[in-house]
Structure formats: C-alpha cells, structure tokens
Amino acid sequence: MRKVILSLALLSLMSINTAQCYTPTKENLEKRREFQDAKLGIFIHWGIYSMLADGEWVLNNKNINYKKYADLAAGFYPSKFSAEEWVTIAKNAGAKYICITTRHHDGFSMFRTKYSPYNIIEATPFKRDIIKELAEECKKQGIKLHLYYSHLDWGREDYPIGNTGQNLGRPTNKEDWNSYYNFMNNQIKELLTNYGEIGAIWFDGVWDRSEKDWQLEEQYSLIHKIQPQCLIGNNHHKEIIAGEDFQLFEKDLPGKNTTGFATNQKVSQLPLESCETTNDTWGYDIKDNNYKSPEKLIQLLVRNAGMNANLLLNVGPQPNGRFPEESKRNLKAIGEWLEKYGESVYGTRGGTIPSHVWGVTTSKGDTLYVHILNLQDKNLFLPLTNNKVKSAQSMITGEKITYKQDNDGILLKLKEVPTETDHIIKLIIKKQ
Ligand code: GLC
C-alpha cells in the first residue's frame with residue numbers, strides 16, 4: 001500500500017514537473033512564429049444561444065432554467081450554414097486563422113462527442129458536425145483552425161458552481177470536480193484527435209472560480225502530448241501560466257486595461273493576441289447594431305500589430321448560419337485594405353518606437369513602417385536614435401517623403417496633414 005501511495009505521489013510530482021519545466025518543441029516554436037506573422041484571425045461565437053439572439057450569456061443573464069434552455073437544441077437547424085462560405089469570407093478578409101466556440105459557457109458541444117449527449121449531432125435535428133466541416137474547409141483553403149473551449153459550464157451538474165450561472169436551477173449536491181475535469185480532458189482529446197492539426201486551443205472561463213486550482217498545467221501537458229505544435233492560450237486575465245504558448249487580452253490592446261479585466265496582466269514575451277467584437281457582443285444579438293466602422297477596425301488591427309499583437313476579430317453568426325451583413329461588410333473592407341497594404345502588417349513585429357496617439361510602427365528586415373493613424377500636423381518626429389534612414393516613401397501616394405535626421409531622430413515632413421485611415425510611410429534603414 002505504502003509503495004502504491006509513494007509511486008502515486010511520485011507520479012503526480014512528475015506530472016507537475018513536466019508542466020513547470022515546459023519547454024516548447026521546435027514545431028511549437030515554429031507555429032508561434034507563424035502565429036505572430038498571421039496578424040488577423042476571425043473569432044466565431046456560435047451556439048444554440050444564437051437562436052435567442054441576445055448574446056452568448058443569455059442563459060445566465062436571463063436566469064433561464066438550465067433544463068428548459070437545453071430544449072432549445074431540438075430547434076437548432078441552421079439551414080444556411082456553409083463552412084465553405086465562412087472560410088471564404090475569412091480568407092477574403094485577409095485572416096490567417098479562424099477560432100470557433102466548440103463549447104461555450106452554456107455547456108453545449110458544437111461537435112461530435114462521446115462524453116455528453118448534449119451536442120450538435122445527438123441533440124439537434126441538424127446532426128452535422130460543424131467543427132468537422134470547418135476543419136476540412138480550413139485545410140482545403142489553407143487557413144488554420146483554433147478552437148475555443150470554455151472551462152466553466154452552466155449546463156452540467158458536476159461543474160462546481162462559481163460566480164456566474166447561480167440562478168439556473170442546478171442542484172448543488174451533484175458537484176464533482178474530478179468527474180468534470182475528466183469530462184473536459186476527454187473532450188479535449190477528441191478535439192485534438194478527430195479534426196487534424198489544430199492551430200490553438202483558446203480557453204476561457206477560469207475567472208468564474210479564480211480561487212480554484214483548475215489543474216491547468218496537467219491539462220496543458222495533455223494537449224502538448226497529443227499535438228506538441230498546438231498553441232495554448234487562456235483568457236484568464238492573469239499573468240501567463242507555464243505551458244501557455246500565447247497571451248490573450250480581451251477587448252484591450254496589450255498592457256491596456258480599459259475594460260477592467262486586465263488588472264493582473266503584464267505583457268509577457270509570448271506571442272500576443274487581443275480579441276474584439278465587431279459590435280458590442282460576441283454571440284449574435286439582434287438588438288446590437290453598434291457596429292464599428294471598417295476604418296476603426298483597420299486602425300485596431302494596425303495598433304495591435306504595432307504592439308506586436310494579433311487581432312482576433314469576432315463575428316456572431318445568425319441562427320440560420322449566416323454572418324450578419326454588417327460583419328460581412330466590415331470583413332470585406334479589411335480584406336481590401338490588407339490586399340493593398342498587407343506588407344506593412346503581415347510578418348512584421350512591433351516597431352522600435354513605442355505606440356503613440358499619432359500611431360505605431362511595425363518592422364520587417366530593414367524596413368520600418370510608420371503607421372500614421374491620428375496626426376494633427378504635417379510634421380512627425382520619430383526618436384530613431386540608433387538607426388540611420390536611407391529612404392522614406394509614402395505607401396499611399398508612392399511619393400518620396402522629405403526628412404531631416406540628426407542624433408535625436410528623424411523629422412518626417414509631409415505635404416499635408418494625413419487624413420487616411422492609415423497613412424503608411426516606409427522607411428528603409430541603413431544596415432549598421
Ligand atoms: C468573455 C465572455 C465570453 C466570450 C469571451 C471572448 O470571457 O465571458 O462570453 O466568449 O469573453 O473573449
């Protein structure tokens with residue numbers, strides 16, 4: 001008996017150690033670089049909640065009984081869903097990956113799973129595995145697939161109730177962390193074995209029980225064991241945890257905290273991604289017409305790039321499976337812009353000059369792209385002390401830009417106050 005306890009203790013120590021000493025594999029590091037080059041991803045929040053057209057939190061926000069809510073599944077039949085159309089729209093927007101909700105906080109699985117009948121195949125008349133269809137289409141069109149997976153669950157009785165979903169009629173005497181943890185890990189194994197190569201797992205929800213030990217490092221090890229290259233990100237709003245491959249920011253640029261979510265979130269050395277809604281909600285909300293303009297979204301993409309982060313831009317498809325028209329319009333405009341100016345964004349890293357009210361810089365090789373987003377003046381001074389500039393050219397007009405350079409930096413002299421969404425100036429830096 002003692003021997004068994006000892007070896008069990010050793011085993012658990014070993015598993016903690018593997019996670020704590022997480023060294024990403026070569027493939028993983030390569031995927032991190034590709035991820036950083038990608039710059040734009042499309043987030044998709046879609047589930048049976050879309051039918052209520054009131055956002056993905058409707059179950060919690062309207063205190064709906066969890067069993068009654070589950071009845072919705074029997075009416076889920078998105079007759080216009082087409083993976084081909086979604087992936088085509090994402091690609092034309094210039095996105096390099098799609099991140100879709102496989103199971104959101106409501107607990108409904110949008111994929112074929114053996115571990116709960118509450119899933120798109122068994123509980124809906126639609127009976128199609130949309131994750132499979134998307135995975136195949138993404139592969140076909142050469143775009144990566146990331147999977148959102150909620151840690152918290154408002155639909156399962158074994159999930160130990162946290163700060164949210166308290167008034168949904170769930171019993172508390174069936175809470176069972178081990179059973180719930182095994183369930184999640186089993187589903188994660190399915191997601192990593194049934195759909196080919198997965199770009200990333202995007203976790204969300206540990207803030208529901210922030211004091212709890214979620215055994216994340218073991219879960220992360222499991223993922224990296226099955227697909228070592230698969231990137232892990234977690235929207236926990238905290239410092240990064242061993243085993244994570246990229247850092248997430250919700251509705252904020254890295255290091256900013258306008259939402260109040262990121263009180264404990266310093267920017268790490270990992271690849272960064274910031275997610276944002278196109279209007280104000282993630283899941284489809286029929287009343288939310290507060291769509292951002294294409295110009296605003298392009299500027300957001302550029303600001304993120306200047307701060308070394310990707311933008312994960314959300315779409316909340318309608319219950320029929322179509323993207324809202326406004327989202328399509330925005331994505332099309334972003335795609336047209338990227339078609340022209342993509343070289344100043346894709347494959348770049350945040351420039352040496354800190355982001356500023358006037359804009360940001362991105363860099364690639366010996367080129368520094370100056371993105372002027374909001375300048376009230378014709379002159380722009382850049383504190384480029386270590387680099388000498390060889391040439392300056394506007395990417396908008398193609399004209400050479402006059403400049404003056406000394407030890408303190410460079411003064412760019414424009415002919416007019418720039419009014420474009422992003423007036424890009426390309427500086428070629430002399431090799432040192
Ligand atoms: C928040 C919300 C969730 C949404 C996520 C996306 O965590 O709870 O509904 O999916 O943000 O960033």
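For the structure, see preceding data.
Everything quoted here is computed from the prediction, not taken from an experiment.

Colleague: Whenever I open this one, the site of the ligand confuses me. Can you help?
Modeller: The environment of the ligand is made up of 14 residues, and the closest members are H45, E56, W57, H104 and D204. In this structure, an oxygen atom belonging to the ligand sits 2.8 Å away from a side-chain N or O atom of W57. Compared with its free state, where it exposes 310 Å², the ligand has 95% of that area covered by protein. Partitioned by chemical class, the residues of the shell around the ligand number seven nonpolar, four polar and three charged.

Colleague: Explanation requested: the environment of I428 in the structure shown.
Modeller: As for its position among the elements, I428 is in strand β16 (residues 423-429). For I428 and M184, which are 244 residues apart along the polypeptide, the C-alpha to C-alpha distance reads 50 Å. When neighbours within four sequence positions are excluded, I428 is seen to be in contact with D366, T367, K388, V389, K390 and S391.

Colleague: Help me out: how do you make sense of the state of the cysteines in this one?
Modeller: In a disulfide, the sulfur atoms of two cysteines are held together by a covalent bond. For the structure on display, the rule yields zero disulfides. You can see C138 has no disulfide; the closest cysteine sulfur is in C99, sitting 11 Å from it. With no disulfide of its own, C230 lies 11 Å from the sulfur of C99, the closest cysteine sulfur. Note on C230: relative accessible area 0%, which makes it buried.

Colleague: Is there a simple way to think about helix α7 (residues 177-193) in this case?
Modeller: One full turn of an α-helix is made of 3.6 residues, so residues set three or four places apart face in the same direction. Taking 1.5 Å as the rise per residue, α7 with 17 residues should run 24 Å; its terminal C-alpha atoms sit 24 Å apart, in good agreement. Listing the buried residues of α7 in full gives W177, Y180, Y181, F183, M184, N185, Q187, I188, E190, L191 and L192. Buried-residue contacts for α7 involve β2 (97-103), β3 (144-150), β4 (200-204) and α8 (216-226). For α7, the N-terminal cap is D176; the gap from its side-chain oxygen to the backbone nitrogen of N178 is 3.3 Å.

Colleague: Is there a simple way to think about the pattern of salt bridges in this case?
Modeller: Pairs can form between side chains of opposite charge whenever their charged atoms are close. Applying the stated criterion to the full structure yields 22 salt bridges. Across the pair K62 and D54 runs a salt bridge, and its minimum N-O distance is 2.6 Å. Salt-bridge contacts for E136 lead to K132; the nearest nitrogen and oxygen are separated by 4.0 Å. Of this pair, E136 and K132 both sit in helix α6 (residues 130-141), separated by four residues, roughly a single helical turn. With a relative accessible area of 38%, K132 lands in the partly exposed category. Residues joined by salt bridges that share partners form a network here, namely K31, E34, K144 and E197.

Basis of the calculations
Residues numbered from 1 in each chain as written. Predicted model: local features only at pLDDT ≥ 70, side-chain atom pairs only at ≥ 80, totals over all residues. Heavy atoms only, no water. Near = heavy atom within 4 Å. Polar contact = N/O pair within 3.5 Å; in protein donor to acceptor, adjacent residues only side chain to side chain. Areas by Shrake-Rupley, 256 points an atom, 1.4 Å probe, with all protein chains shown as cover. Nonpolar A, V, L, I, M, F, W, Y, C, P; charged D, E, K, R; others polar. Helix = DSSP H or I, 4+ residues; strand = E, 2+ residues; numbered from the N terminus. Contact = heavy atoms within 4.5 Å. Disulfide = S-S within 2.5 Å. Buried < 20%, exposed > 50% of the residue type's maximum accessible area, 1.4 Å probe, protein only. Expected span 1.5 Å × (residues − 1). Salt bridge = Lys/Arg side-chain N within 4 Å of Asp/Glu carboxyl O.

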